[in-house]
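Structural overview for review
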Amino acid sequence: MAHKSFDGSCPLGPWIVPASEIKDPQGLALKLWVNDVLKQDSHTSKMIFTLAEQISHLSSRLTLHPGDLVLTGTPAGVGAGRGGIPQGRATWLKIWIEKIGEISNKMA
């Protein structure tokens, strides 16, 4: 949560894909660009913990309700681990997930 908890750092939307549209959340391709440089090209099957494991862990500590968002993180190879995010200038993050779509976010 640390990297998703400051203003402008957790882009969401503009829509949510219903669970019924995703047959296997551990079967999706995933890509991340930082300033148009591909930093991650991976797959949700490579996540350390499955979505089911993460939901189980969370729900043992708090009550989850319909509509709650679970911020899962990503497989290895994110921007900070491969060259970092340039300091002192605007940074564009673009994320694409198979069957879900693409979102871009400007970090100032």
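Focus on the overall build of the protein chain
Regarding its fold elements, the protein chain presents one helix and four strands. The order of helices and strands in the protein chain, counted from the N terminus, is β-β-α-β-β. Split into buried and exposed, the 108 residues of the protein chain put 20% on the buried side. In the protein chain, 58% of the contacts between residues at least 6 apart in sequence involve partners at least 24 apart. For the protein chain, the exposed surface amounts to about 7700 Å²; the carbon and sulfur share of it is 57%.

Brief notes about the side chain of Gln 26
One can find Gln 26 in the segment before strand S1 (29–34). Under the relative-accessibility criterion, Gln 26 is labelled buried at 17%. A distance of 2.7 Å separates the side chain of Gln 26 from the backbone nitrogen of Leu 51, its partner in a polar contact. The residues touching Gln 26, leaving out its near neighbours within four places in the chain, are His 43, Thr 44, Ser 45, Met 47, Thr 50 and Leu 51.

Considering the layout of surface pockets
In this model, the second largest pocket occupies a volume close to 190 Å³. For the lining of the second largest pocket, a count of residues per class yields five nonpolar, five polar and two charged.

Some points on the side chain of Ser 42
Among the secondary structure elements, Ser 42 is positioned in strand S2 (residues 37–43). Ignoring sequence-local partners within four residues, the contact set of Ser 42 consists of Ala 29, Leu 30 and Pro 75.

Quick word on the confidence of the model for the protein chain
Of all residues in the protein chain, 72% have pLDDT values of 70 or greater, and the mean over the chain is 77. Across residues 79–86 the pLDDT falls below 50, and counting only partners more than four positions away or on other chains, this stretch makes 15 contacts in the model.

Comments concerning the environment of Gln 40
Structurally, Gln 40 is set in strand S2. Polar contacts involving the side chain of Gln 40 include one to the main-chain carbonyl oxygen of Pro 75, which spans 2.7 Å.

Some details on the environment of Leu 58
Here Leu 58 is to be found in helix H1 (residues 51–59). Leu 58 sits in the partly exposed class, given a relative accessible area of 28%. Along the primary structure Leu 58 and Val 70 are separated by twelve residues, whereas in three dimensions their C-alpha atoms are 8.8 Å apart. With residues up to four places along the chain from it excluded, the contact list for Leu 58 reads Leu 64 and Val 70.

Reading the values: rules and limits
- Residues numbered from 1 in each chain as written.
- Predicted model: local features only at pLDDT ≥ 70, side-chain atom pairs only at ≥ 80, totals over all residues.
- Heavy atoms only, no water.
- Helix = DSSP H or I, 4+ residues; strand = E, 2+ residues; numbered from the N terminus.
- Buried < 20%, exposed > 50% of the residue type's maximum accessible area, 1.4 Å probe, protein only.
- Contact = heavy atoms within 4.5 Å.
- Areas by Shrake-Rupley, 256 points an atom, 1.4 Å probe, with all protein chains shown as cover.
- Polar contact = N/O pair within 3.5 Å; in protein donor to acceptor, adjacent residues only side chain to side chain.
- 1 Å grid on protein atoms, 1.4 Å probe; cavity = no way out; pocket = protein on both sides within 12 Å on 5 of 7 lines; lining within 4 Å.
- Points joined across faces, edges and corners; volume = space filled by probe spheres on them.
- Nonpolar A, V, L, I, M, F, W, Y, C, P; charged D, E, K, R; others polar.
- pLDDT = per-residue confidence, 0-100.

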